[in-house]
Amino acid sequence: MKIELNVNGKDYSIEIEEHLRLIDLLRDKLNLTGTKEGCGEGECGACTVIMDGRIVNSCLVMAFQAHKSKIITIEGVEDEDIKNAFIEEGAVQCGFCTPGMILAAKSLLDKNENPSEQDIREAISGNLCRCTGYNKIVSAIKKAAEIKRGGRNV
Amino acid sequence: MNLKACYRPLTLKEALDYLEEYKDKSKIIAGGTDLIIKLRKGNINPQVLIDISFINELKGVLEVGEYMEIGCGTTFYDLASCILLNERLKGLKDAARSVGSPQIRNRGTIGGNICNASPAADSVVPLLALDSILTLESKKGKRKIYLKDFFKDKGKTDIRDDEILTTIKFKTPTKNQGLGFYKLGLRKSLAISRISFSVFLEIDDINRIEIIRVASGSVGKFPMREYKIENYLTGRILDEDTLNTALEILEKDIYERLNGRNTARFKSIAAKGVFKKALLKALCLAKGGGKIED
Amino acid sequence: MFEFIGKNIKRIDAKDKVEGKAIYPQDIYIEGMLYGFTVRSKFPHAFIKVDVSEAEKVDGVVKVFTYKDVPGKNHHGVVLKDHEVFISKKVKRIGDPIAFVVAKSKEIAEYAASLVKVEYDILPAVFDPEEAMRENSPKVHDKDNVFYHFKIRKGDVEKAFKECDVIVENVYKVPMVDHAFLQPEAGVSYIDEDGKIVVIASTQYPHFDQEEIAQALGVSKDLVKVLTPAVGGAFGGREDITLQIHLAIAAFTLKRPVKAVYSREESFIAHSKRHAMKMYYKTGATKDGKLLALEAKIIGDSGAYASWSMNVLRKAAVHATGPYVVENVKIDSFAVYTNNPFTGAMRGFGATQVPIAYEQQMDILARKLGLSPIEIRLKNCFKEGSETATGQILEKVALEKCIEELKRF
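Residue indices follow the written sequence of each chain, beginning from 1 at its first position. Following the order in which they are written, the chains are lettered starting with A and the ligands numbered starting with 1. Since the coordinates come from a predicted model, pLDDT governs what is reported: local features require at least 70, and pairs of side-chain atoms require 80 or more to be given and counted, while whole-chain, interface and lining totals use all residues.

- Per an unreviewed UniProt entry, chain B carries the name Purine hydroxylase gamma subunit apoprotein and comes from Caloramator fervidus.

- An unreviewed UniProt entry annotates chain A as Purine hydroxylase delta subunit apoprotein of Caloramator fervidus.
- According to the UniProt record, the Pathway (unreviewed entry) comment for chain A reads "Alkaloid degradation; nicotine degradation." UniProt positions are given in the numbering used here, feature names are shortened, and annotations may be inferred rather than shown by experiment.

Rendered as structure tokens:
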């Protein structure tokens, strides 16, 4: 069947198999391999993408359900503040959770310029990290928010 | 997976047409957060998926007279942030907020939570305490059923293969009423409830319980009303002795229900604390406010 | 003063990772590549007979590999070569690899794998290492299940316990733990333009893998190239071979690129675990809290294969006194085969399990003697020049200062 969608600002009209999930469409058909599959059950959040303004697990959305939607994957994140903050704060280790974490962070900061620590922890509560212990990721998101509010530069 | 076709109807009528045509060969998909896992594990093997997430008439919350009506396609995120649901319904919002993770709440729907009939369905518990009424629609027409009568067994409901659950409605709580919810999970996010309770309470000025409805999750085959404790508490003045007796009744009842399972002792004791927290939250709301710590 | 110490250094791979450009093995797609899916044992202990004929008939299946298709040696293992690449006769745990179905797509490979017929002649299994130590228990590898016994002897514990004013004796158990690294196992194998067999996999030991792959293929090491792209966490769980040899054999035989990606569930089944341990502890002290004697027996559940068990159980024994000076020590640690998932390296490598036991012993001793937990530790902790149970003389020991700091809390 055919679906139309917009991924990272680009329109696609694409033939898909019925059983395809959104993550398969992104990775196998569109070569957007920055979206990772860690569990396939919506537990780890590595496959997080932004769909029509909200974060979703792309392993728990069927590709045909993404018809007419607007998807942002890690490859489409233009926000350098968040990415730089992750690098600066040592929030990146093995990197497999990083794309999902950054999209969860972006989704938070798009709506809330001045999040509390609790807001940040809540926003990334659907994303598992096995390396950092989370604190450095929380600091990175705090720092990104600060920079966005016109605070100190990196 | 053996899928042959997937449809995205834009109206309820169109969805019911597909359902009439494919019946048990098809499955309804909305948020998909449970269904896709079952599909991939081969637990279900439909030929057709009917996606109702594009049907706007099934989404959102409406105030109809003294009732609140929730569309089955309303996501947990939308429910948790709905301004129509007043403070007295905090228990329902708390439950919606406690489902899965932000990603799951953005997709998962209240209708899916009900139709899956999981014993641990978070949002079903407060809806039971609100004595909600479901509307099921098919090509043949509409029928209404109380949520408390909807579950037949673990994962089994009263829905027929040509029906769609369209709305859930309950009376809007008013003065002296409140709805509390509390959940015990292994961790804060993505934790399947170990035990959850919701309490709907109406109490008068001298703390006499006019109405109490208690619902539990994960202490039976499906979310259910706790009638024994309701019957005991109705009409009594809520004081420490009454509460202690009620807790004893609850412990005994749950222990007997779970007898033979290795969780029986833990759950029957822990349930008392979880119920008490839900009750105190309801009480606080019925009394018109104040903050309760989790 | 220092170029790096005390400074925040940006990881060189961080930029690629925040942009989603870092390449993990599952991100590699090669024109015309095939996909592999592993058929695994459903029983913990059984003789097997395998029939792949139905699976090979499926449209899109290129070949189903079993032990018969291993060109070289059908074994591997980081210390003992006790794993088989594919099980030939007897499965020893749930999840043992039996066959590798290679097909034109993931879906076909997975479907055909369900058609591989495995006939199980089920044997009695053993899941408790202590039971496995008994003479009449089922034998996992057709020999004694105890394959490692490490001893530490210092002073005379028997005499010293008689001089103790208080003795605490307890048994401690810790369970298996999975690493749950976030990136499930994945790999790609192909033959490059120089005719070398290339395996791209997330691994902690490309050089070990190279040797094991070469042995299984029956070729010289120079013909095997192992590339490690980005690795999505490991924590010890990628020290043992999982899919590397399967992929290499398939690519080597079929002369086509082959890829495999494990699901989370398969990942849990396929790789090692942290050792479950049962620890018998007897600790004695004088009435003023000075440790006099410690006797411990530590039994490590190695599961079906040895992996790093010898090293892990040795380390557990070496750390068994904790950071405390004890003059009289008797420690015995054992690694035992069972039909459980196999256990190997995981963060701490045996040093992680024993603190549960020795620190609890310290707290219980302190309570019995009316001392504070800090006092008893200060009295016994390693200091400059202390001698450990293995006779090591320690230098530059800052432990006392660390414990003093805890007084503030």
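### Concerning the overall build of chain B
Here's step 1: Helices and strands together make up the secondary structure of chain B, namely ten helices and 14 strands.
Here's step 2: Put simply, the radius of gyration uses C-alpha atoms, and a globule should come to 2.2 Å times the residue count raised to 0.38. A compact globule built from 294 residues would reach a C-alpha radius of gyration of about 19 Å, and chain B, at 19 Å, matches this within 12%.
Here's step 3: Seen along its three principal axes, the alpha-carbon backbone of chain B occupies a region of about 60 × 45 × 35 Å.
Here's step 4: Burial in this document is a count-based property: other C-beta atoms within 10 Å of a residue's C-beta are tallied, and the residue is buried at 20 or more, exposed at 12 or fewer, or partly exposed in between, with C-beta positions derived from the backbone. For chain B, buried positions account for 48% of its 294 residues.
Here's step 5: The contacts of chain B with a sequence gap of at least 6 include a subset with a gap of at least 24, amounting to 63%. Under the scheme used here, helices are H or I runs from DSSP no shorter than 4 residues and strands are E runs no shorter than 2 residues, and both carry numbers assigned from the N terminus. What counts as a contact is two residues whose backbone-derived C-beta atoms lie within 7 Å of each other.

### Observations regarding the overall build of chain A
Here's step 1: For chain A, the helix and strand inventory stands at five helices and five strands.
Here's step 2: Secondary structure elements of chain A occur, N-terminal to C-terminal, as β-β-α-β-β-β-α-α-α-α.
Here's step 3: Over its C-alpha atoms chain A spans a radius of gyration of 15 Å, differing by no more than 12% from the 15 Å that the globule rule assigns to 154 residues.
Here's step 4: Each of the three principal axes of chain A carries a C-alpha extent, and together these read 50 × 30 × 25 Å.
Here's step 5: For chain A, the proportion of its 154 residues judged to be buried stands at 58%.
Here's step 6: Considering only contacts within chain A whose residues lie at least 6 apart along the sequence, 62% involve residues at least 24 apart.

### Some details on the interface of chain C and chain A
Here's step 1: In this complex, chain C contributes 25 residues to the contact, which on the side of chain A involves 24 residues.
Here's step 2: For the side of chain C that touches chain A, the leading source of residues is helix 1 (residues 14-18) of chain C, giving four residues.
Here's step 3: Residues are grouped as follows: nonpolar covers Ala, Val, Leu, Ile, Met, Phe, Trp, Tyr, Cys and Pro; charged covers Asp, Glu, Lys and Arg; every other residue, Gly included, is treated as polar. Considering only residue class, the side of chain C that touches chain A consists of ten nonpolar, six polar and nine charged.

### Section: unusual backbone geometry
If a residue is not glycine, its phi is most likely negative; likewise, a peptide bond is most likely trans.
Here's step 1: With a phi close to 70 degrees, Asn176(B) is a non-glycine residue in the positive phi region.
Here's step 2: With phi around 55 degrees, Lys255(C) is a residue other than glycine that occupies positive phi space.

### Notes on the nonpolar core
Here's step 1: Core analysis: the largest hydrophobic core is formed by 248 residues, its most contacted members being Ala105(A), Val199(B), Ala99(C), Val101(C), Val102(C), Ala103(C) and Ala248(C).
Here's step 2: Top element by residues in this core is helix 10 (residues 264-286) of chain B. It accounts for eight residues.
Here's step 3: Excluding residues that lie within four positions of it along the chain, Ala248(C) makes contacts with Ser189(C), Ile197(C), Val199(C), Ile213(C) and Leu217(C). As used here, a nonpolar core is made of buried Ala, Val, Leu, Ile, Met, Phe, Trp, Tyr and Cys residues. They are joined through C-beta atoms within 7 Å.

### Here we look at the interface of chain B and chain A
Here's step 1: Of the residues lining the interface, 23 residues belong to chain B; the matching set on chain A comes to 23 residues.
Here's step 2: Secondary-structure elements contributing two or more residues to the side of chain B that touches chain A are strand 1 (5-7), helix 2 (35-41) and helix 5 (102-107) of chain B.
Here's step 3: Top element by residues in the side of chain B that touches chain A is helix 5 of chain B. It accounts for five residues.
Here's step 4: In terms of residue class, the side of chain B that touches chain A is built from ten nonpolar, seven polar and six charged.

### Looking at the sheet that holds strand 5 (residues 70-72) of chain A
Residues and elements named next belong to chain A.
Here's step 1: We call two strands paired when DSSP finds no fewer than two bridges between them. The strand order 2-1-5-3-4 describes an open sheet built from five strands, whose pairing is mixed. Of all the strands in the sheet, just strand 2 (10-15) and strand 4 (54-57) have a single pairing partner and so form its edges. The average undirected angle you get between the axes of adjacent strands in this sheet is 40 degrees.
Here's step 2: Sheet topology places strand 1 (residues 2-7) next to strand 2; six bridges connect them, and they run antiparallel. Looking across to strand 2, one finds that valine 7 is bridged to lysine 10.
Here's step 3: Sheet strands in contact with helix 3 (residues 98-111) are strand 3 (48-51) and strand 4, and its direction is about 35 degrees off that of strand 3. Angles run from 0 to 180 degrees between N-to-C directions of axes, and those axes are lines fitted to C-alpha atoms, restricted for helices to the stretch in contact.

### With respect to the environment of Lys273(C)
Residue and element names in this part refer to chain C.
Here's step 1: Following the sequence through the fold, lysine 273 ends up in the loop between helix 8 (264-270) and strand 13 (276-285).
Here's step 2: A count of 22 C-beta atoms within 10 Å places lysine 273 in the buried class.
Here's step 3: With 89 residues separating them along the chain, lysine 273 and proline 184 place their C-alpha atoms 15 Å apart.
Here's step 4: For lysine 273, the contacting residues outside a window of four places in its chain are Met176, Val177, Asp178, Pro341 and Thr343.

### Considering helix 9 (residues 240-257) of chain B
Residue and element names in this part refer to chain B.
Here's step 1: With 18 residues, helix 9 should cover 26 Å at 1.5 Å per step; its first-to-last C-alpha distance of 26 Å lies within 8% of that length.
Here's step 2: Residues of helix 9 that are buried include every one of Ala246, Leu250 and Ile254, and no others. Across the axial projection of helix 9, the buried residues extend over an arc of 60 degrees, all falling on one side. Every exposed residue of helix 9 that faces more than 90 degrees away from the buried side is listed here: Asp241, Asn244, Lys252 and Glu256.
Here's step 3: Against the buried residues of helix 9 lie helix 8 (227-233) and helix 10. What a helix should span is 1.5 Å times the count of its residues minus one. Throughout, the arc means the angular range of directions from the helix axis out to the C-beta atoms.

### Things to note about the UniProt feature "domain: FAD-binding PCMH-type" (unreviewed entry) in chain B
Here's step 1: Mapped onto this numbering, the UniProt entry annotates "domain: FAD-binding PCMH-type" (unreviewed entry) at residues 1-175 of chain B.
Here's step 2: For residues 1-175 of chain B, the helix share is 29%, the strand share is 26%, and the end-to-end C-alpha distance is 52 Å.

### Quick word on the pairing of strand 5 (residues 97-103) of chain C
Residue and element names in this part refer to chain C.
Here's step 1: Among the seven residues of strand 5, seven are classified as buried, and the element is accordingly described as predominantly covered.
Here's step 2: As paired elements, strand 1 (residues 34-40) and strand 5 share six bridges and run antiparallel to each other. If you follow glycine 36 over to strand 5, its bridge partner there is valine 102.

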